[in-house]
Amino acid sequence: MPQHDSPAAATAAPGHPPPARPEPDGSAPGPRPLDIRATDQELLAARLVPLRRPGQWISAAVLLVLFAMLVHTVVTNPRFQWHVVGHYFLRASILHGLELTLWLTGAVMASGYLLGIGVAAMRLSRNPVLRSLSFGYVWLVRSVPPLVQLLFWYELASLYPRLSVGVPFGPEFAGVRTAHLFSGILAAYVGLTLDVAALSAEIVRGGILSVDPGQREAARALGLSEGRIFRRIVLPQAMPAIIPSSGNLLIGMLKATSIVSVIAVQDLLYSSQLIYNQNFLIMPLLLVATLWYVILTTLLSIGQFYVERFYARGSDRGAGKPPRGFWQVTRSNIPLFGPARSAAVGL
Amino acid sequence: MTGTDERPLVRIRGLRKAFGTHLVLDGIDLDVREGEVTVLLGPSGSGKSTLLRCVNHLEKPDAGFVEIGGELVGYRHDGDRLHELRTRAITRQRAHVGMVFQQFNLFPHLSVLDNITEAPAAVRGVPRRQAAERARELLARVGLAGREDSYPRQLSGGQQQRVAIARALAMEPRLLLFDEPTSALDPELVGEVLAVMQDLALSGMTMIVVTHEIGFARKVADTVVFLDGGKIIESGAPADVLAAPRHERARSFLSAVL
């Protein structure tokens, strides 16, 4: 390699030295004249200084201060009335509301998914009538806000005062007055179930379509029955695509059940409202409901983590590598909690 | 010892299949005798894979029929009609015909052992433990002893394809179909799969193999069948067909792949 002075010396050498030594190109006047290059030894001995990123530090500091202010005001503002929150947190009426929220969510998800799998199967079938019906159903339900559906089912009696079972266009066997049948809770159950069915049908259909058709073919060639192929081969492989969206749907539905409060079903939110309508402690009671929702969704998220990990079997190339635990993933998502070893995933 | 029966194990007559307006199979007649290896050669799009898939009714022919062991595949003969069988009956027929795919199609969420034992346990009702024992024997036979707890993605392509062969063998099929079993493999892994297939052929397994491995055809095949444009244009012993093809299309194809 050329030594420190060779290229510069070569150009400057012939005859006339420039009078004022102008900087080449007139750019970048360095601290040293250009022809006095650093030696390799000097470069090797120099310490590496990473680029400073003051913006990062400043933005982090600003956000931390804002966060501290938020925590401070939440703790010190007496109008939050945390003692009232504590007082009502485990009240029987709140817990009853919580119970209703939980089982309504569970029932709606269970029946909604049963219906949804059927709607997805119809959409994937060869029968054009079934396919069109499935498409129309999903289109219609997705186009109507859940709250409107809920009110619609609640007011069904004005459309069909009497519901009956019988031969189509023929004699009827039994009937009931719609207004008696459709209480608030049944309207909530039916409305939300139909909603979940439409949403889950799309999720399930997407999951099934994500499975390589060669899998079905190989299973057929082995002589497995169609039902067995679906349960044992297709569905488990569709699960990794189905679970995350279903987890979101479940969490969304847990919160969406709060709209039943408009038709006076005593869920978690409506139970809180009933109390604050009497004592006007609006904020503390909304906080009670909020805290319960946060606790429930957190628990569901943790559950979703383990379910996703279970269905990730066989997707890892590394043999015998232990799967990442819950805390490892949490820490990599929130690095402030401790050093994270790898990129954030999951949750 | 084998192949002395007068009636061939597989009889294919007048098989036709079109995808839309494209005629993929245009009147195929083919016999495969018990214990024989038949290699299907031909350019891509010549209908080899479709023919193979018709043999176990993964593809429904438009005309003609396939008979295995004297039994019509996928249909029931009644007077002047062929009625398509119910899914359950077709499933029962498929259980006697093993198939190995170009893309292996192992079940990625099941261990190697479960891949092999699934069908014998579910279809034949073999007790799990017995099926597992048999699976280990088969794994040893394809040179993968001790890999039963691996998952398919932890294996190389060649190993996966050997597991797929073991999986097909676990059903004790009368006939094995291979659809380009080495085309998705790295060149260095082709040999291990072909060796297992040659071993099977020597043990008397009846096989129909779609492949571009001319060397395998020359060494192992009893019959080489050359397809082009959905028709069989040449068929016979490998020595004749491969060494001195009469048909121009076969000559140009062979000179290209050799």
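From a predicted model like this one, the values you see are computed outputs, not experimental measurements. (Residues numbered from 1 in each chain as written. Chains lettered and ligands numbered in written order. Predicted model: local features only at pLDDT ≥ 70, side-chain atom pairs only at ≥ 80, totals over all residues. Heavy atoms only, no water.)

Visitor: Explain the overall build of chain A here, please?
Guide: What chain A contains, in helices and strands, is 14 helices and 2 strands. Among the 347 residues that make up chain A, the fraction classed as buried is 31%. Taking as baseline every contact in chain A between residues at least 6 positions apart, the subset at least 24 positions apart corresponds to 64%. For chain A, the accessible surface area stands at approximately 22300 Å², while carbon and sulfur atoms represent 67% of it. (Helix = DSSP H or I, 4+ residues; strand = E, 2+ residues; numbered from the N terminus. Buried < 20%, exposed > 50% of the residue type's maximum accessible area, 1.4 Å probe, protein only. Contact = heavy atoms within 4.5 Å. Areas by Shrake-Rupley, 256 points an atom, 1.4 Å probe, with all protein chains shown as cover.)

Visitor: What's the story with the pattern of salt bridges in this structure? I'm lost.
Guide: Should the charged atoms of two oppositely charged side chains come close, the side chains can pair. In the structure shown here, the tally under the stated rule is 23 salt bridges over all chains. Here Arg123 of chain A makes a salt bridge to Glu202 of chain A, at a shortest N to O gap of 3.6 Å. Within this pair, whereas Arg123 of chain A is found in helix H5 (residues 92–123), its partner Glu202 of chain A is found in helix H9 (residues 184–209), the two being separated by 79 residues in sequence. In this structure, Asp31 of chain B and Arg13 of chain B form a salt bridge, with 3.0 Å as the shortest nitrogen-oxygen distance. Placement of Asp31 of chain B in strand S2 (residues 22–32) and of Arg13 of chain B in strand S1 (residues 10–19) is noted, with a sequence separation of 18 residues between them. Residue Asp31 of chain B is classed as partly exposed on the basis of its relative accessible area of 33%. In the salt-bridge network here, residues are joined through shared partners; they are Arg228 and Arg232 of chain A together with Glu118 and Arg128 of chain B. (Salt bridge = Lys/Arg side-chain N within 4 Å of Asp/Glu carboxyl O.)

Visitor: Could you clarify how one ought to interpret the packing of helix H10 (residues 213–221) of chain A against helix H11 (residues 226–256) of chain A in this entry?
Guide: Two measures define how a pair of helices packs: the angle their axes make with one another and the distance between the axes. Residues and elements named next belong to chain A. Two numbers describe how H10 lies on H11: the axes approach to 10 Å, and their chain directions differ by 145°. By crossing handedness, the relation of H10 to H11 is classed as right-handed. Judged by residue contacts, Gln215, Arg216, Ala219 and Arg220 of H10 engage Glu226, Ile229, Ile233, Val234 and Gln237 from H11. The class makeup of the residues in the contact of H10 with H11 is 4 nonpolar, 2 polar and 3 charged. (Axes fitted to C-alpha atoms, helices over the stretch in contact; angles between N-to-C directions. Left-handed = near helix turned anticlockwise from the far one by under 90°. Nonpolar A, V, L, I, M, F, W, Y, C, P; charged D, E, K, R; others polar.)

Visitor: How should I be thinking about the sheet that holds strand S4 (residues 63–68) of chain B in this particular structure?
Guide: In a beta sheet, neighbouring strands pair by backbone hydrogen bonds and run either parallel or antiparallel. Residues and elements named next belong to chain B. Ordered in space as S2-S1-S4-S5, the 4 strands form an open sheet in which the pairing is antiparallel. Pairing within the sheet leaves two strands with one partner each, and these edge strands are S2 and strand S5 (71–72). Where S4 lies against S5, 2 bridges are found, and the strand directions are antiparallel. By the bridge assignment, Ile68 is partnered in S5 with Glu71. (Pairing = 2+ DSSP bridges.)

Visitor: What's the story with the UniProt feature "transmembrane region" (unreviewed entry) in chain A in this structure? I'm lost.
Guide: All names here are of chain A. Here, the residues flagged by UniProt with the feature "transmembrane region" (unreviewed entry) are residues 57–80, 100–122, 134–154, 174–199, 249–269 and 281–307. Segment residues 100–122 splits into 100% helix and 0% strand. End C-alpha atoms: 32 Å apart. Each end of residues 174–199 is marked by a C-alpha atom, and these two atoms are 33 Å apart; helix forms 77% of the span and strand 15%. (UniProt positions renumbered as here; feature names shortened; annotations may be inferred.)

Visitor: What am I meant to see in the UniProt feature "domain: ABC transporter" (unreviewed entry) in chain B here?
Guide: UniProt records the feature "domain: ABC transporter" (unreviewed entry) at residues 10–254 of chain B, using the numbering of this structure. Along residues 10–254 of chain B, the helical share is 38% and the strand share 27%, with 27 Å between the first and last C-alpha atoms.

Visitor: Just checking my understanding: could you explain the environment of Pro50 of chain A for this structure?
Guide: Residues and elements named next belong to chain A. Within the secondary structure, Pro50 sits in the loop between helix H2 (40–45) and helix H3 (54–76). In this structure Pro50 comes out as exposed when scored by relative accessible area, which is 56%. In sequence terms Pro50 and Glu202 are 152 residues apart; their C-alpha atoms lie 49 Å from each other.

Visitor: What is the right way to look at the interface of chain B and chain A in this model?
Guide: You'll often see interface size given as the accessible area lost when the parts meet. Contacts between the two partners involve 27 residues from chain B, matched on the other side by 25 residues from chain A. Overall, the association of chain B and chain A removes approximately 2300 Å² of surface from exposure, summing both partners, and the carbon and sulfur fraction of that is 56%. Three residues stand out in chain B for area buried against chain A, namely Phe107, His109 and Arg153 of chain B, and they jointly supply 27% of the buried area on that side. Here chain B is connected to chain A by 3 salt bridges. Counting only elements with at least two residues in the side of chain B that touches chain A, the list comes to helix H2 (87–94), strand S8 (97–100) and helix H3 (112–124) of chain B. At 5 residues, H3 of chain B tops the list of elements feeding residues into the side of chain B that touches chain A. By residue class, the composition of the side of chain B that touches chain A is 14 nonpolar, 6 polar and 7 charged. (Buried area = accessible area lost by both parts, 1.4 Å probe.)

Visitor: Teacher, can you tell me more about the sheet that holds strand S10 (residues 207–210) of chain B here?
Guide: All names here are of chain B. Taken together, 6 strands build an open sheet; the order of strands is S8-S9-S10-S3-S11-S12 and the sheet is mixed. Of all strands in the sheet, those with a lone pairing partner are S8 and strand S12 (231–236), marking the two edges. Each strand axis lies, on average, 15° off the axis of its neighbour in the sheet, ignoring direction. Across 4 bridges, the pairing between strand S3 (residues 37–41) and S10 is parallel. Residue pairing in the sheet places Leu40 in a bridge with Val210 of S10. Where helix H5 (residues 157–169) meets the sheet, its contacts fall on S8 and strand S9 (175–179), and the angle it forms with S8 comes to roughly 170°.

Visitor: Would you take a moment to explain the UniProt feature "domain: ABC transmembrane type-1" (unreviewed entry) in chain A for this structure?
Guide: The sites that UniProt annotates as "domain: ABC transmembrane type-1" (unreviewed entry) are residues 98–304 of chain A. This span, residues 98–304 of chain A, is 75% helix and 5% strand, and a straight line between its end C-alpha atoms measures 21 Å.

Visitor: Honestly, unusual backbone geometry in this entry has me stumped. Any pointers?
Guide: Leave glycine aside and you will find that most residues have negative phi; peptide bonds, for their part, are mostly trans. Although it is not a glycine, Phe280 of chain A adopts a positive phi angle of roughly 60°. Along the chain, the position of Phe280 of chain A falls in the loop between helix H12 (268–279) and helix H13 (282–311).

Visitor: Looking at this structure, I do not really get H13 of chain A. What am I missing?
Guide: One turn of the α-helix equals 3.6 residues, which is why residues spaced by three or four share an orientation. Compared with the 44 Å implied by 1.5 Å per residue over 30 residues, the 43 Å span of H13 of chain A between its first and last C-alpha is a close match. Among the residues of H13 of chain A, those classed as buried are Pro284, Leu285, Leu287, Val288, Ala289, Trp292, Tyr293, Leu296, Thr297, Gln304 and Phe305 of chain A. (Expected span 1.5 Å × (residues − 1).)

Visitor: It is not clear to me how the nonpolar core should be interpreted in this structure. Could you clarify?
Guide: As a rule of thumb, nonpolar side chains are buried together in soluble globular proteins. Judged by nonpolar contacts, the single largest core of 71 residues is most densely connected at Ile12, Leu51, Ile68 and Leu175 of chain B. Ranked by residue count, the leading element in this core is H9 of chain A, at 10 residues. Other than its neighbours up to four places away in sequence, Ile68 of chain B contacts Leu9, Val10, Val55, Val73, Val97 and Leu175 of chain B. Within the second largest apolar cluster, 49 residues are counted, among which are Val37, Ala168, Leu185 and Val196 of chain B. (Core = buried A, V, L, I, M, F, W, Y, C linked by side-chain atoms within 4.5 Å.)

Visitor: Would you mind showing me how to read the environment of Tyr88 of chain A here?
Guide: Residues and elements named next belong to chain A. On the secondary structure map, Tyr88 appears in helix H4 (residues 82–89). It is 7.1 Å that separates the C-alpha atoms of Tyr88 and Val288, two residues lying 200 residues apart in sequence. Contact partners of Tyr88, with chain neighbours within four places excluded, come to Ile94, Ile275, Asn279, Leu281, Leu285 and Val288.

Visitor: Hey, could you run me through the packing of aromatic side chains in this one?
Guide: In this description, an aromatic ring pair is defined by two values, namely the gap between the centres and the angle between the planes. The tally for this structure, following the rule as stated, stands at 6 aromatic pairs over all chains. A cation sits over an aromatic face here: Arg167 of chain B above Phe107 of chain B, 4.6 Å from the ring centre. (Phe/Tyr/Trp six-rings, centres within 6.5 Å; stacked < 30°, edge-to-face > 60°. Lys NZ or Arg CZ within 6 Å of the ring centre and 35° of its normal.)

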